[in-house]
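# Observations on chain architecture
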Amino acid sequence: MRLLRGSLASLLVLLQVPLCLALAPTRAVPQRAGGSSRRWRRGERGAGGPGGRAYQLQCAAPEPCRAVFGETEGTWEAAGTELEPSQVLGKVAFTGCSEQKLAPLGTDKDDFTLNGGTAQERKALTSFLSKRILRRRKREWVVPPISIPENGKGPFPQKLNQIKSNKDKGTKIFYSITGPGADSPPEGLFTIEKETGWLLLHKPLDREKIAKYELLGHAVSENGASVEEPMNISIIVTDQNDHKPNFTQDVFRGSVLEGALPGTPVMQVTAIDEDDANTDNGIVAYTILSQEPQQPHDLMFTAHRKTGTISVVSSGLDREKVPRYTLTIQAADYDGHGLGTTAVAIVEILDANDNAPVFDPQKYEAQVPENAVGYEVQRLTVTDLDVPNSPAWLATYRIVRGDHGDHFSISTNPESNQGILTTKKGLDFEAQNKYTLYVEVANETPFAVKLPTSTATVVVHVEDVNEAPVFVPPSKVIEVQEGVSLGEHVCTYTAQDPDKQNQKISYHILQDPAGWVAVDPDSGQVTAAGLLDREDEQFVRNNTYEVIVLAVDNGNPPTTGTGTLLIILTDINDHGPVPEPRHIIICNQNPVPQVLNITDKDVSPHSSPFQAKLILDSDIYWMAEVNERGDAVALSLKKFLKQGTYDVNLSLSDHGNNEQLTVIKATVCDCYGHVDTCPEPLKGGFIFPVLGAILALLLLLLVLLLLVRKKQKVKEPLLPPEDDTRDNVFYYGEEGGGEEDQDYDITQLHRGLEARPEVVLRNDVAPTFIPTPVYRSRPANPDEISNFIIENLKAADTDPTAPPYDSLLVFDYEGSGSDAASLSSLTSSASDQDQDYDYLNEWGSRFKKLADMYGGGEDD
């Protein structure tokens, strides 16, 4: 036995002996928070309070006792501040041993002793205690968890517990606490008396907000030095039933198929209780309070007490009778006996295919014209009690009897759910004029239970109509040689009338693209009305010419049948071979032969191999050779020809000796070998004659100028000495001029012309009887300047109104009334010796050069 030491007034003794003890405590002390007693177990330590002392013993029996335990634990309270030696704590009894008498259990100094009892019992207890001795130890700085119920009503502050330090004997100790609820949020819940160490509560606690507080207790001396390590103080807030359960939804919705068996789950409802789930305060129980409607039973559903799962409890759910149930659900804590709340659960009964569709009516009769395909014969109506537009309501129809030739089909209208009976093939009145059909109806989904199916009878009467004649066969193929004579018989194509009446049939051509055939309206005989040409690619495809013929009866109303006549045209040798290409380019020096491909619209044996020859003297300069396969000819030049275009007469014949002449255009070029186009002749070839003519004209003008020069024999004064005409000197022979001449008034050249006598024809005046050409104005685009100059130059060359009018230009007139002095001396003298140029010296420095050249008279 081990004694946990502290103040003797608050020791908890734990006996752990394998004895069979029957404990008889003198007074049971309930454990409570804030009390002064302590319930200690082995290995625990604590301090007692002034209210008393509690000791707990656990007993077991060593050998030879083999009995069972009577009581395993006992608690006693010892009054006073100290536990004195020889103090009786209580009485115990060893059940199953020699005697079963209560023996006082007390203290003996630091040990426990058993007062009374048999020698065997004392020996057993002494033997066990010698092995497991509990000694009283010094109390340590530890406080067990403190439990406080929430929502306490006070009075406040409320004392919870007192903490003490063993070091308070020689010095004064001050106590303090820290942690949430003390000096951190939520502050002010807990305080401690500084000098006594009493822990105080100032407000009611709420477990749903904070279930546990962890504080630290501190002990310091007067000088502020810490005398103990910080001590953990755990305050547990115990729960009270202050919250009722709350459903997560006000209305819960679920569904279940009609006809569901008992035990089928429907939905689950959930409620939450904020109280402690580990106590009865937070244990929620579910029940169904009411059910509406109460059909077919008042208890169709049940709720699982713990999980809230609602399931079917009774059979008989029928959507057609009760489509919806409303349940009132209760959730209560304390296992259904505490606080409670309610919610609504709505159960939708889903449709199951438990109702078969039924025909209404079940017999039908209809009329159908013969030969009508896709004709709506009858609409069949059914009724179904299941939910409209659901798979359990949508009907499916099938013909079970009466349609041996598969002439009918039936489908479902998705909106009306009717069965639509139509013809799949045309009905023949002459073959069968009445049908009796049996139609069965079901649903898209199988029946939930075994149900009988409904069947309807439909009688169909076939109406006779005037049917169109039918060609036999509908498409006829014949072979005809192309090029048959007009009116020649091709074939006979007739039709039959499926009606039993004797009706007359007439024949007509509906489609004859080339107009090559005709048909007799009474007999259906087809004859040639044009030249059938197999090679006509516009109308013939794959040697076949297609004609569509009509057959019309005289019924009321008349009906028309069509037949297709396919005429396969066989070939005759009616086309000659043709070379390609028909234009060649060849060099006249070292020429390369030109290969021409030969084609023939006819087919074998009226085509290749071909033969070629040159006719009409074309073989003098040309040569033609056919290749080994006989489908191409090589055309080459035998002799030199000048550049130019020549006709080569080439005659080709096919295997059937059908000969055809073709003229080949051959362009001969001045070149060597092979070229694709002829090289162009030099562009400057015509320039040389033009240049020669210009040079000849220039020589002629030079000769004329020399002759004029010889006529000038006498040198006359340049200007009359009596007139100072320095301001009237005109430079007629200067072309282009310099910058000083750009602003010269050219009208000065014509001064005095107005005073000339009238003449009939003058070479210095534009003729009035010749029209003046139009000159092009200067273009805005610089790229057109060249064309502008060339066009205006041509216009000036052909302009009869522009000087010199085919003669030398007369620059001025020296006649009567002229402003200028006479210049006749320039041409009247034969030599310059008669002239006196000394007056040039008087004209100043500007005429000094002339004075040096002409002045001086005989000295020169």
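Residues numbered from 1 in each chain as written. Predicted model: local features only at pLDDT ≥ 70, side-chain atom pairs only at ≥ 80, totals over all residues. Heavy atoms only, no water.

### Examining the overall build of the protein chain
Secondary structure summary: the protein chain contains 6 helices and 50 strands in total. When the 860 residues of the protein chain are sorted by exposure, 37% land in the buried category. Within the protein chain, residue pairs in contact and separated by at least 24 positions form 65% of the contacts whose partners lie at least 6 positions apart. (Helix = DSSP H or I, 4+ residues; strand = E, 2+ residues; numbered from the N terminus. Buried < 20%, exposed > 50% of the residue type's maximum accessible area, 1.4 Å probe, protein only. Contact = heavy atoms within 4.5 Å.)

### Quick word on the pattern of salt bridges
Under the defined criterion, the tally for this structure stands at 15 salt bridges. Where Glu440 meets Arg398, a salt bridge forms, and the shortest distance between an N and an O atom there is 3.1 Å. With Glu440 in strand 32 (residues 434-443) and Arg398 in strand 29 (residues 395-401), this residue pair connects regions lying 42 residues apart in the sequence. According to the relative accessible area criterion, Arg398 is partly exposed, its value standing at 48%. A network of salt bridges, in which partner residues are shared, links Arg319, Glu320 and Asp351. (Salt bridge = Lys/Arg side-chain N within 4 Å of Asp/Glu carboxyl O.)

### Here we look at the pairing of strand 22 (residues 309-312)
For strand 18 (residues 265-268) and strand 22, the ladder comprises 3 bridges, and the chain directions are antiparallel. Note that in strand 22 the partner of Pro265 across the bridge is Ser311. In this sheet, strand 22 lies alongside strand 21 (residues 301-303) in antiparallel orientation, the contact comprising 3 bridges. Bridge assignment links Thr302 to a residue of strand 22, and that residue is Ser311. The turn joining strand 21 and strand 22, which pair antiparallel and follow one another in sequence, is formed by 5 residues; a positive phi near 80° is taken by Gly308. (Pairing = 2+ DSSP bridges.)

### Thoughts on the nonpolar core
Counting residues in hydrophobic clusters, the biggest one holds 25 residues, and the most contacted among them are Phe247, Val256, Phe301, Ile310, Leu317, Tyr325 and Val347. Listing elements by their share of this core, those giving two or more residues are strand 17 (251-257), strand 18, strand 21, strand 22, strand 23 (324-332) and strand 24 (340-350). Residues within four places of Leu317 in sequence aside, it is in contact with Val256, Leu257, Glu258, Gly259, Ala260, Met300, Phe301, Val312, Tyr325 and Ile349. (Core = buried A, V, L, I, M, F, W, Y, C linked by side-chain atoms within 4.5 Å.)

### Observations regarding the sheet that holds strand 22
Strand order in the open sheet formed by 3 strands is 18-22-21, with antiparallel pairing between adjacent strands. Each end of this open sheet is capped by a strand with a single partner; those strands are strand 18 and strand 21. Put simply, the sheet's adjacent strands are angled 20° from each other on average, direction ignored. (Axes fitted to C-alpha atoms, helices over the stretch in contact; angles between N-to-C directions.)

### Concerning unusual backbone geometry
At the junction of Gly154 and Pro155, the peptide bond is cis and its omega measures out at 5° in the coordinates. Assignment of secondary structure puts Pro155 in the loop between strand 9 (146-149) and strand 10 (158-162). Within the chain, Asn590 stands out as a residue other than glycine whose phi angle is a positive 50°. The exposed category is assigned to Asn590, whose relative accessible area is 61%.

### Focus on helix 4 (residues 785-797)
The α-helix advances 3.6 residues per turn, and as a result positions three or four apart in sequence lie on the same side. Helix length check: helix 4, at 13 residues, gives a terminal C-alpha distance of 18 Å against a target of 18 Å (1.5 Å per residue), a fit within 8%. Turning to helix 4, its buried residues number three or more, namely Phe788, Asn792 and Ala795. The buried side chains of helix 4 occupy one side of the element, clustering within an arc of 55° when seen end-on. Facing away from the buried surface of helix 4 by more than 90 degrees, the exposed residues are Leu793, Lys794 and Asp797. (Expected span 1.5 Å × (residues − 1). Arc of directions from axis to C-beta.)

### Describing the sheet that holds strand 31 (residues 419-423)
Strand order in this open sheet of 3 strands is 27-31-30, and the pairing throughout is antiparallel. With one partner strand each, in any of the chains shown, strand 27 (376-380) and strand 30 (408-412) form the two edges of the open sheet. Across the sheet, the mean angle separating the axes of adjacent strands is 20° when strand polarity is ignored. Relative to strand 31, strand 30 runs antiparallel, the two being bridged by 5 bridges. Paired with Thr412 across the strands is Gly419, a residue of strand 31.

### Structural notes on the confidence of the model for the protein chain
Of the residues in the protein chain, 71% reach a pLDDT of 70 or more, and the chain-wide mean stands at 75. Confidence drops under pLDDT 50 across residues 77-82; counting only partners more than four residues distant or on other chains, this segment forms 24 contacts. Segment residues 95-99: pLDDT under 50, and 16 contacts once partners within four positions in sequence are set aside and those in other chains are kept. (pLDDT = per-residue confidence, 0-100.)

### Focus: the environment of Asp600
With respect to the secondary-structure elements, Asp600 resides in the loop between strand 45 (594-599) and strand 46 (611-614). Taking relative accessible area as the criterion, Asp600 reaches 15% and is therefore assigned buried. Setting aside residues up to four positions removed in sequence, Asp600 forms contacts with His575, Gly576, Pro577, His606, Ser607, Phe610 and Asp654.

### Concerning the side chain of Glu228
With respect to the helices and strands, Glu228 occurs in the loop between strand 14 (212-220) and strand 15 (231-238). What Glu228 contacts, discounting residues up to four positions off in sequence, is Trp141, Ser165, Asn166, Lys167 and Ala219.

### Considerations on the state of the cysteines
Considering all chains together, one arrives at 2 disulfides under this definition. The disulfide partner of Cys587 is Cys671, and the gap between their sulfur atoms is 1.9 Å. In this structure, the disulfide formed by Cys587 and Cys671 twists by about -105° around the S-S bond and is classed as left-handed. Of this pair, Cys587 sits in strand 44 (residues 583-591) while Cys671 is found in strand 50 (residues 659-673), placing the two residues 84 residues apart along the sequence. When sorted by exposure, Cys587 lands in the same class as Cys671, which is buried. What pairs with Cys669 in a disulfide is Cys678, and their sulfur atoms sit 1.4 Å apart. Judged by the torsion about the S-S bond (-65°), the Cys669/Cys678 disulfide is left-handed. (Disulfide = S-S within 2.5 Å.)

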